[in-house]
Amino acid sequence: MGRDLDRQKRFTRRALILAGGKGLLLTALAGRLYYLQVLESERYLTLAEDNRINLRLLPPPRGRILDRHGRPLAHNRQDYRVVVVAEQARDVDGTLTALGTLLPLSDGDRKRVMREITRQRRFVPVTVRENLGWEDVARIEVNSLDLPGISVEEGQSREYPYGELLSHVLGYVAAVSESEVGDDPLLSLPGFRIGKAGIERAYEKPLRGKGGSSQVEVNAVGRVIRELDRKEGQPGADLTLGLDLDLQRFAYERLGDESGAVVVLDVNTGEVLALASKPGFDPVAFNRGLTTTEWKALITEPKAPLTNKAIAGQYAPGSTFKPVVALAALERGVMTAGSTVSCPGAYRLGNAVFHCWRRGGHGAVNLREALTQSCDCYFYEAARRVGVDRIAAMGERLGLGVTLGVDLPHERPGLLPTRDWKTARTGTAWSMGETVIAGIGQGYVLSTPLQLAVMAARIANGGRGVVPHLVRDVGEPDPAGRPPAPDLGITRAHLKLVQEGLDMVVNSGRGTANRAAIRVPGLEMAGKTGTSQVRRISKSERQSGVIKNENLPWERRDHALFIGYAPVEKPRFACAVVVEHGGAGSKAAAPVARDVLLAVQKLDAMRVADRRPAAGPGVGSPAGRHDREV
Amino acid sequence: MARHPLNHSTLRLGEKLAGIRWLLVLAICLVAGTGIGMLYSAAGGNMEPWAIRQLARFVAALGILLLVAISDIRVWLRWAYVIYAMALVLLVIVDFAGAIGMGAQRWIDLGVINLQPSEVMKIALVLALARYFHGMASEDVGRPWRLIVPLMMVVVPVALVLKQPDLGTAVMLLLGGGALFFAAGVRLWMFAVVLVAGVGAMPVAWEFLHDYQRRRVLTFLDPETDPLGSGYHILQSKIALGSGGLFGKGYMQGTQSGLNFLPEKQTDFIFTMLAEEFGLVGSLGILGLYVVILGYCFAIALSAKSQFGRLLAIGITTTFFLYVFINMAMVMGLIPVVGVPLPLVSYGGTATVSLMLGFGLVMCVYVHRDVMISRHATGEER
């Protein structure tokens, strides 16, 4: 009994020790709970939230680009892709075979799918085929019962229905490159495309819109269980251009196989009605991605299809520069309407001789006559009298030598040389000979077709500094419209004088562009031809007879230029045409300008006629058909 | 001494029923009810597949508890070795012919239920050790060679469950057995010797661990290095616990468990789910219920007059405590994940039944607390 008591005592003692130990351990558990659930709760709550909710971006539909009559020039096409979910398919191979009877599936496709399936988790959809049409989708949907695990997903791809016709204006979209990934999380989305050139690039922000988001609940393996919240993004804004699709097509096709550019502006607003650069390129190729050989072919092609020649092609303006010299000389007072210069066919300055394009000379010419016949001697003298710096100043007022801020990327400024410019550039002093040469738009002077069109527009509209722009409205039309263009401060009488000269260039029998005159009453155009040399004519060649352009290799032939506007009375449309290595401006460029200026006026008349009866908005096709008959 | 004379051999049924601690039964039912509620939530608000079955098992187990409670404690003393031997045989069978589940052989498919011998062994070992020490003279406890047999009783099943491999049960058997040695009065220096030997054997034991067990130990040491690999369970479990906060996310509102972030949420990790949905209040609440049960059982152990009763009660109490502590400490990231269910809450038939049987034995000890049992006899009174 006593031994038993002893045993009981020891048991009690030890049991109490055990209980104490257990108590301590349980207290530790309670302490740990307090630590996790109170002290560290915040941190774990955040982690749990991350675990549960997955934010997915919803790319907004990109805005469309419409022409001035609302015809879509760039839009999004719903496209479909077939995906397979391995988890649901069970027998992926069999399913793909069944799918192969509905859709052509290459062995490569099948191998790629099988490879991706082994890499991905079982519930991740793997793309089988992309860019499917509605018929393919319908075929798959009808047979969906035999195709476990196969489903069709929707996407959007950018479409340019008019292809190369508008390639330089619209540009293209392509995958985001690493350097472009910025603040917008949309840019990190796989497959997201942004504007890389043209309007697509210049108006990337409004076209892109704002991304929406979808909060989805996922489980530990990332499978979506349900959507918690969905914020629709803001779709990209539609852009309405001032451009007329029919005119653009006409101008582009009118250039034929030549390399060159045509720009048509509204002289009162600066709206670009057509901006064609030949040759164009296929914008869709950039969207899908170019092969190395394709890319090499594009950049080594001498006609430079990737350059938008209308805004980035820089050409010596040649005689189309003469109105600038004339206005500078008139403003300075070194020439008047009546002052004449005698042209013997060459102009002497010290020891140097500058030839007029007409070997026999023009005799005594005044300003109007000098413009009409494009007498070089007159403008050599005028340039000498007024000085290169004033020519440059007048050129700049008319839109040359500076970027005009047109809403396209990669606009180039051309060049209006000044004394300071040359000194800074070459370290040598300006020479009078260079002024003389600048007087006929040669030498250092460079301009783009867009600048030439702006110059024509500013002369035609009575000296108002219109700024060229492609986009009329971003989203809804702005009722306020654009502020009126500022006056450039050019004396009306001087402008009138130049306008008369440009009228005679086309409509006088002596005019260099008389053969390209528009003979429709009320639609007549005025303009100025230009032929700019790309090579130097040596003394010996001049003596033996200047080699005809036709006998020169293409890249050494003269550029043909023409600036013009119509109608002569109350001008509305200005135009510039540059045909690279096209030869004489009167022969290669003026007829193009004539046809384009006639087309734009006729299209305008059609629109007005269409709108007058309550027939509703014209679709544009009759007008287009009409143009092509011109 | 007390109500019953020393030589009182049989109790009447009424006396036995009066001896059942109904408050303890209530506490057990509360814990089990909580568990069924959590299983309902774990299934996303469905009785199927877990809650309904757990409820059925618990009701059956409750019957077993009451039957055991009113059974004669001497029967258990007499059959202790037999039960232990049967459990041992079952362990051997499961080692060689057990169905494969969870990467480890732990079940014997009996058609109706899958029997888990390791759960049975936890009770059987207590019974066997209690009987052994009950039959030992007080002075013999101090003699090392007398401890070889009970030591083997512990080591053999530990080796068998390690082979399964079931680290959690091995640890529980070891610690539960050790606690019985301690309560029986084994000298402290012997524990020291075993401890030193154990530490010395650790590198050897490491060699015998399976890769996944080693990984579990290693990731326990630094779980956040591999958040999607082996450390995943611990990290997700801690996130669930921590994000529950003070009051929890609400019943069936647990996101971690509802979204399958929690592994084995219906079994070993059910506590995390409870803690996520009911917060610190809920987790301390269930801990408090466990403390009540442990306290009751402990008081019963102290009240028993026979060494068998005392050791049986303290052994089962300790086993129960080890379930609670190892499971909770595991899901809280305090110890490695070893696969021990939360008693009465986790889904699992064998564990529930054997635990209830254990509580039945504890209550049986209380019912027979004043019955003196001979050291040598197997039921006959002196």
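In this text the structure is predicted, and so the values were computed from the model without any measurement. (Residues numbered from 1 in each chain as written. Chains lettered and ligands numbered in written order. Predicted model: local features only at pLDDT ≥ 70, side-chain atom pairs only at ≥ 80, totals over all residues.)

**Examining the overall build of chain A**
Line of reasoning, step 1. Helices and strands together make up the secondary structure of chain A, namely 24 helices and 20 strands.
Line of reasoning, step 2. Within chain A, the fraction of its 630 residues that count as buried is 43%.
Line of reasoning, step 3. Taking the intrachain contacts of chain A between residues at least 6 apart in sequence as the baseline, contacts between residues at least 24 apart amount to 74%. (Helix = DSSP H or I, 4+ residues; strand = E, 2+ residues; numbered from the N terminus. Buried ≥ 20, exposed ≤ 12 C-beta atoms within 10 Å, placed from the backbone. Contact = placed C-beta atoms within 7 Å.)

**A short note on the overall build of chain B**
Line of reasoning, step 1. The number of helices and strands found in chain B is 14 helices and three strands.
Line of reasoning, step 2. Per-residue burial over chain B gives 52% buried out of 382 residues.
Line of reasoning, step 3. Sequence-distant contacts in chain B: of pairs separated by 6 or more residues, those separated by 24 or more amount to 72%.

**Points about the interface of chain A and chain B**
Line of reasoning, step 1. In this complex, chain A contributes 34 residues to the contact, which on the side of chain B involves 39 residues.
Line of reasoning, step 2. Elements represented by at least two residues in the side of chain A that touches chain B include exactly α1 (2–39) and α2 (41–52) of chain A.
Line of reasoning, step 3. The dominant element in the side of chain A that touches chain B, judged by the number of residues it contributes, is α1 of chain A, at 21 residues.
Line of reasoning, step 4. Looking at the side of chain A that touches chain B, its residues break down into 18 nonpolar, five polar and eleven charged. (Nonpolar A, V, L, I, M, F, W, Y, C, P; charged D, E, K, R; others polar.)

**Quick look at the pairing of strand β18 (residues 526–532) of chain A**
Residues and elements named next belong to chain A.
Line of reasoning, step 1. Among the seven residues in β18, seven count as buried, and that is most of the element.
Line of reasoning, step 2. In this structure, β18 lies alongside strand β19 (residues 559–566), joined through seven bridges in antiparallel fashion. Counterpart to T529 in the pairing with β19 is F562. (Pairing = 2+ DSSP bridges.)

**What to know about the confidence of the model for chain A**
Interpretation of this model should avoid reading the predicted coordinates in detail wherever pLDDT is low.
Line of reasoning, step 1. Across chain A, pLDDT averages 86, with 91% of residues at or above 70.
Line of reasoning, step 2. Scored below 50 in pLDDT, residues 614–630 of chain A makes 25 contacts in the model with residues more than four places away or belonging to other chains. (pLDDT = per-residue confidence, 0-100.)

**Brief notes about the nonpolar core**
Line of reasoning, step 1. One finds V263, V264, A453, A456 and C575 of chain A to be the most contacted residues of the largest nonpolar core, which totals 131 residues.
Line of reasoning, step 2. Considering every element that reaches this core, the biggest residue donor is helix α23 (residues 585–611) of chain A, with eleven residues.
Line of reasoning, step 3. Each of domain 1 (56–241) and domain 2 (245–292 + 308–473 + 488–629) of chain A contributes no fewer than three residues to this core.
Line of reasoning, step 4. C297, F298, A351 and M363 of chain B belong to the second-largest nonpolar core, a separate cluster that totals 127 residues. (Core = buried A, V, L, I, M, F, W, Y, C linked by C-beta atoms within 7 Å. Domains from an automatic or database assignment.)

**Observations concerning helix α14 (residues 322–332) of chain A**
All names here are of chain A.
Line of reasoning, step 1. The element α14 is largely enclosed, with a buried count of nine among its eleven residues.
Line of reasoning, step 2. Residues of α14 that are buried: K322, P323, V324, V325, A326, L327, A328, A329 and L330.
Line of reasoning, step 3. Against the buried residues of α14 lie α15 (367–373), α16 (376–386), α17 (388–397), α20 (449–460), α21 (492–507) and β18.
Line of reasoning, step 4. Count one or two residues on from α14 and you reach G333, which has phi positive near 85°.

**Some points on the packing of helix α5 (residues 117–134) of chain B against helix α14 (residues 349–367) of chain B**
Residue and element names in this part refer to chain B.
Line of reasoning, step 1. Between α5 and α14, whose axes approach to 8 Å, the crossing angle comes to 15°. Relative to α14, the element α5 lies roughly parallel. You can see that α5 and α14 cross each other, and the crossing is right-handed. Contacts between α5 and α14 involve E119, V120, K122 and I123 from the former and T350, A351, S354, L357 and G358 from the latter. (Axes fitted to C-alpha atoms, helices over the stretch in contact; angles between N-to-C directions. Parallel < 35°, antiparallel > 145°, perpendicular 65-115°, else oblique. Left-handed = near helix turned anticlockwise from the far one by under 90°.)

**So, the environment of L344 of chain B**
Residue and element names in this part refer to chain B.
Line of reasoning, step 1. For L344, the position within the fold is in the loop between α13 (307–331) and α14.
Line of reasoning, step 2. Take L344: there are 31 C-beta atoms within 10 Å of it, and that puts it in the buried class.
Line of reasoning, step 3. With sequence-adjacent residues up to four places away left out, L344 is seen in contact with I28, V31, A32, G35, T352 and L355.

**Quick notes on the pairing of strand β3 (residues 72–84) of chain A**
Residue and element names in this part refer to chain A.
Line of reasoning, step 1. Relative to β3, strand β2 (residues 65–66) is paired through two bridges, and the arrangement is antiparallel. Looking at β3, one finds that L66 is bridged to P72.
Line of reasoning, step 2. Hairpin remark: β2 followed by β3, antiparallel, with five residues in the connecting loop; positive phi at G70, about 85°.
Line of reasoning, step 3. Bridge count between β3 and strand β5 (residues 150–159): ten bridges; the pairing is antiparallel. Opposite V84, over in β5, you have I150 as the bridge partner.
Line of reasoning, step 4. As defined by bridge partners, β3 adjoins strand β4 (residues 126–132) across four bridges and the pair is classed as antiparallel. Counterpart to V82 in the pairing with β4 is R129.

**Quick word on the packing of α14 of chain A against α16 of chain A**
All names here are of chain A.
Line of reasoning, step 1. Relative to each other, α14 and α16 sit at 45°, their axes nearing to 9 Å. Taken together, the axes of α14 and α16 lie oblique to each other. Every pair of crossing elements has a handedness; the one defined by α14 and α16 is left-handed. Counting all contacts with α14, which are made through K322, V325, A326, A328, A329 and R332, the residues of α16 involved are F379, A382, A383, R385 and V386.
Line of reasoning, step 2. Considered class by class, the residues forming the contact of α14 with α16 number eight nonpolar, no polar and three charged.

**Focus on the confidence of the model for chain B**
Residue and element names in this part refer to chain B.
Line of reasoning, step 1. For chain B, the mean per-residue pLDDT works out to 82, and 84% of the residues sit at or above 70.
Line of reasoning, step 2. Considering each helix and strand of chain B separately, the mean pLDDT is smallest for strand β1 (residues 99–101), with a value of 47, and largest for α13, with 93.
Line of reasoning, step 3. Note that pLDDT drops below 50 for residues 99–104; the model gives that stretch nine contacts with residues more than four away or on any other chain.
Line of reasoning, step 4. With pLDDT under 50 throughout, residues 378–382 is counted as low confidence; its partners more than four residues away or in other chains account for eleven contacts.

**A word on the sheet that holds β19 of chain A**
Residue and element names in this part refer to chain A.
Line of reasoning, step 1. Taken in spatial order, the five strands make up an open sheet running β12-β11-β20-β19-β18, and their pairing is antiparallel. Unpaired on one side and paired on the other, β12 (272–278) and β18 mark the two borders of the sheet. Shown here is a sheet whose adjacent strand axes are inclined to one another by a mean of 5°, direction ignored.
Line of reasoning, step 2. As paired strands, β19 and strand β20 (residues 573–579) are joined by seven bridges and run antiparallel to one another. Note on β20: the bridge partner recorded for L561 is V578.
Line of reasoning, step 3. Against the sheet, helix α10 (residues 245–254) makes contact with β11 (260–266) and β12, and its axis sits at roughly 30° relative to β12, the strand it touches most.

**A short note on the environment of P343 of chain B**
Residues and elements named next belong to chain B.
Line of reasoning, step 1. Looking at the secondary structure, you find P343 in the loop between α13 and α14.
Line of reasoning, step 2. Note on P343: 27 C-beta atoms within 10 Å, which makes it buried.
Line of reasoning, step 3. Spatially, the C-alpha atom of P343 lies 6.4 Å from that of V324, the residues being 19 residues apart in sequence.
Line of reasoning, step 4. What P343 contacts, discounting residues up to four positions off in sequence, is F320, Y323, V324, A351 and L355.

**Points about the environment of V171 of chain B**
All names here are of chain B.
Line of reasoning, step 1. Within the secondary structure, V171 sits in helix α7 (residues 167–184).
Line of reasoning, step 2. By the C-beta count within 10 Å, which is 19 here, V171 ends up partly exposed.
Line of reasoning, step 3. Each C-alpha atom, one on V171 and one on V158, is 7.8 Å from the other, the two residues being 13 residues apart in sequence.
Line of reasoning, step 4. Sequence-distant contacts of V171, defined by excluding residues within four places in its chain, comprise I326 and V338.

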